[in-house]
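# Examination of the molecular architecture
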Amino acid sequence: MRNFITALVATTVLTVLTGIVYPLAVWGIAQTIFPAQAGGSLIVAGNKVVGSSLIGQNFSSPRYFQSRPSAAGDKGYDAANSSGSNLGPTNKALIDAVKLRLKSFIESNPAANPRQVPVDLVTASGSGLDPEISPAAADLQVARVAHARGISEDQVRQLIAENTRPRSAGIFGEPGVNVLLLNLALDRAAGSHG
């Protein structure tokens, strides 16, 4: 009986500590130190939440930069169904999907050389929700976006430069361009949020 009471007390104490106290402490610290990140890094435009800086979205209009392809969900970009395709590099379905994405990209960006298209424009990320593209991927879309918006390519390149994240600590990872933030910067430059 004594072992039973000891086990019951230990289980109760550990449940309260690890199931209530610890999560509340972590939540409180996160809300205090990193409130935007703890709230999902939501982006607001025109008093309306338009997305998160952490989750990719589909942009199909020629006026906007296109995101990295997504394999999350049936139509892609489904945050509730985040996943990659799990297809290997020699899988015919993956090869066919990459060829189709490359063809589609070249059709919407005729000035682009197919050999210069970065891999991030034709393959999905591991989560299927990568919010960033490489600076090279953004640069290949400049002519289309500038033409569709009736602005100079230099103006578009300036917005890319302003929205390019450098390597972490100057050495880790690769630079990235958050597509949602860049597209919102384009809208602000045009004086609209549409």
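Residues numbered from 1 in each chain as written. Predicted model: local features only at pLDDT ≥ 70, side-chain atom pairs only at ≥ 80, totals over all residues. Heavy atoms only, no water.

## Some words on unusual backbone geometry
The residue Asn47 is not glycine, and still its phi comes out positive at about 60°. Here Asn47 is to be found in the loop between strand 1 (42–45) and strand 2 (48–52). One non-glycine residue, Ala169, lies in the positive phi region at around 55°. (Helix = DSSP H or I, 4+ residues; strand = E, 2+ residues; numbered from the N terminus.)

## Quick word on the sheet that holds strand 4 (residues 164–165)
Reading across from one edge, 3-5-4 is the order of the three strands in this open sheet, with antiparallel pairing throughout. The open sheet has two edge strands with one neighbour each: strand 3 (132–133) and strand 4. Contacts from helix 7 (residues 179–190) reach strand 3 and strand 5 (176–178) within the one sheet, and its direction differs from that of strand 5 by about 60°. (Pairing = 2+ DSSP bridges. Contact = heavy atoms within 4.5 Å. Axes fitted to C-alpha atoms, helices over the stretch in contact; angles between N-to-C directions.)

## Observations concerning the packing of aromatic side chains
Counting across every chain of the model gives one aromatic pair. When the ring of Phe59 is compared with that of Tyr64, the centres are 5.8 Å apart and the planes differ by 40°; the resulting orientation is tilted. The same class applies to Phe59 as to Tyr64, namely buried. Here Arg149 stacks its cationic end above the ring of Tyr64, 5.0 Å away from the centre of that ring. (Phe/Tyr/Trp six-rings, centres within 6.5 Å; stacked < 30°, edge-to-face > 60°. Buried < 20%, exposed > 50% of the residue type's maximum accessible area, 1.4 Å probe, protein only. Lys NZ or Arg CZ within 6 Å of the ring centre and 35° of its normal.)

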